[in-house]
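# Observations on the three-dimensional arrangement
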Amino acid sequence: MKEVNYIERDADKWTLTAKGKLAGGRIKTSVRLGGYIEWPGDFNVSQLPLHQSPDVPIKLLSSTKISHDFAISAIKLNYLFSELGWVNKSLKGWVATEQGLKQGAVQCEDSRSGVPYVKWPETITQSRALLNSIKDIAGSSSPFISKDNTSNIVSEAIEPKHRATDGHFVDSRSEALIDNWLYMAEIVHAYKRHLPIEENVYCDFYIPTAKLYIEFWNGSNDPKYLARKANKLAIYRKYELRLIQLNESDIQNLDAVLPRLLLKFGVQAY
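Residues numbered from 1 in each chain as written. Predicted model: local features only at pLDDT ≥ 70, side-chain atom pairs only at ≥ 80, totals over all residues. Heavy atoms only, no water.

## A few points about the packing of aromatic side chains
If you walk through the whole model with that rule in mind, you get eight aromatic pairs. Within the aromatic cluster, the residues linked to one another by ring pairs are Phe81, Trp86 and Trp120. The ring of tryptophan 94 carries lysine 89 above its face, with NZ or CZ at 5.6 Å from the centroid. (Phe/Tyr/Trp six-rings, centres within 6.5 Å; stacked < 30°, edge-to-face > 60°. Lys NZ or Arg CZ within 6 Å of the ring centre and 35° of its normal.)

## Overview of the pattern of salt bridges
The final tally for this structure, using the stated rule, is nine salt bridges. Here lysine 65 makes a salt bridge to aspartate 69, at a shortest N to O gap of 3.1 Å. One end of the pair, lysine 65, and the other, aspartate 69, are both in helix H2 (residues 63-70), four residues apart, so they sit about a helical turn from each other. For lysine 65, a relative accessible area of 37% corresponds to the partly exposed category. Exposure remark for aspartate 69: the relative accessible area of 46% places this residue in the partly exposed category. Put simply, arginine 193 and aspartate 136 hold a salt bridge, and the shortest N to O gap is 3.4 Å. Remark: aspartate 136 occurs in helix H5 (residues 128-137) and arginine 193 occurs in the loop between strand S12 (190-191) and strand S13 (205-207); sequence separation between them is 57 residues. Salt bridges sharing common partners tie together Glu83, Asp136 and Arg193. (Salt bridge = Lys/Arg side-chain N within 4 Å of Asp/Glu carboxyl O. Helix = DSSP H or I, 4+ residues; strand = E, 2+ residues; numbered from the N terminus. Buried < 20%, exposed > 50% of the residue type's maximum accessible area, 1.4 Å probe, protein only.)

## Examining the side chain of glutamine 99
Of note, glutamine 99 is situated in helix H4 (residues 98-102). Within the structure, the side chain of glutamine 99 is placed 3.4 Å from the backbone oxygen of glutamate 240, a separation counted as a polar contact. When neighbours within four sequence positions are excluded, glutamine 99 is seen to be in contact with Gly85, Trp86, Tyr239, Glu240 and Leu241. (Polar contact = N/O pair within 3.5 Å; in protein donor to acceptor, adjacent residues only side chain to side chain. Contact = heavy atoms within 4.5 Å.)

## Some details on the pairing of strand S3 (residues 26-30)
Of all five residues making up S3, four are buried, and the element is well covered by its neighbours. Both S3 and strand S4 (residues 34-38) contribute to a ladder of five bridges, which runs antiparallel. Paired with threonine 29 across the two strands is glycine 35, which belongs to S4. Count of turn residues in the S3/S4 antiparallel hairpin: three residues. (Pairing = 2+ DSSP bridges.)

## Things to note about the layout of surface pockets
By volume, the largest pocket amounts to about 1200 Å³. Looking at the lining of the largest pocket, the elements with two or more residues in it are strand S1 (7-10), strand S2 (13-16), S3, S4, H4 and helix H7 (223-238). Looking at the lining of the largest pocket, the element that brings in the most residues is H7, giving six residues. A class-by-class count of the residues in the lining of the largest pocket yields 18 nonpolar, 12 polar and seven charged. (1 Å grid on protein atoms, 1.4 Å probe; cavity = no way out; pocket = protein on both sides within 12 Å on 5 of 7 lines; lining within 4 Å. Points joined across faces, edges and corners; volume = space filled by probe spheres on them. Nonpolar A, V, L, I, M, F, W, Y, C, P; charged D, E, K, R; others polar.)

## Observations regarding the environment of tyrosine 36
Position of tyrosine 36 among the secondary structure elements: in strand S4. With a relative accessible area of 23%, tyrosine 36 lands in the partly exposed category. Distance in space between the C-alpha atoms of tyrosine 36 and tryptophan 14 is 7.6 Å, their sequence separation being 22 residues.

## Thoughts on the nonpolar core
Looking at soluble globular proteins, one finds that nonpolar side chains tend to be buried together. Among the nonpolar cores identified, the biggest contains 24 residues, and Ile178, Trp181, Leu182, Ile187, Ile207, Leu246 and Leu262 are the most heavily contacted of them. Mapped by element, the contributors of at least two residues to this core are helix H6 (173-184), S13, strand S14 (212-217), strand S15 (242-247) and helix H9 (254-263). Element by element, the count of residues in this core is highest for H9, at five residues. For isoleucine 187, the contacting residues outside a window of four places in its chain are Trp181, Leu182, Ile207, Leu262, Val267 and Ala269. (Core = buried A, V, L, I, M, F, W, Y, C linked by side-chain atoms within 4.5 Å.)

Put into structure tokens, the structure is as follows:
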């Protein structure tokens, strides 16, 4: 695969080239295997060229073109990219974030107006994170989860039992207190938002204006819970997502703890 330029070695791991991404290769992770590359089921190794070939450039698409394919407006699509943490809104136009660049975003600028905009590889239309977000805004309750991705689920399904002040139904009293604190501080937040990655992982809370995630750990010593916690933290580190962690000792002191932690990420509570 390396000889025909589908993958390349980066330090101690294999990464995909543009040709590899175009062929449908995806970077995955698991507790047992760590990081690895997954290929489509119909990928035929015997059809690879017998000699080294140049990398294949991936066609870049504008938000307008992508929005037409999904039958939504370009404005709504750009706000979806922003909510996923892939772009930031500038004074005029859009600027790719580090996470967006990892998705293959290319920063551009209008030659006449100077307004920044972003182009995306055509493979972005296959992104599970993007497909899930588009289904969400369309009112679909079923996320896009492939049958071969169930091993990557790191959150235990729990029937929500506690209603927060803003109407969110959450898993525990502690999460209700966190939700209530964010609501009373007038901080827009989501609950159980899917992370903008291929793996099927959900955060506890997400603050879209800061691209910031909050995880609450209940202090359980159950081995399965600790394994899920370790796996989830590994995911946050792998994708370099911004994260605040809270535990039981923080819950009764949120007025002192959360403003300090939020301020580190540019979020002012008071």
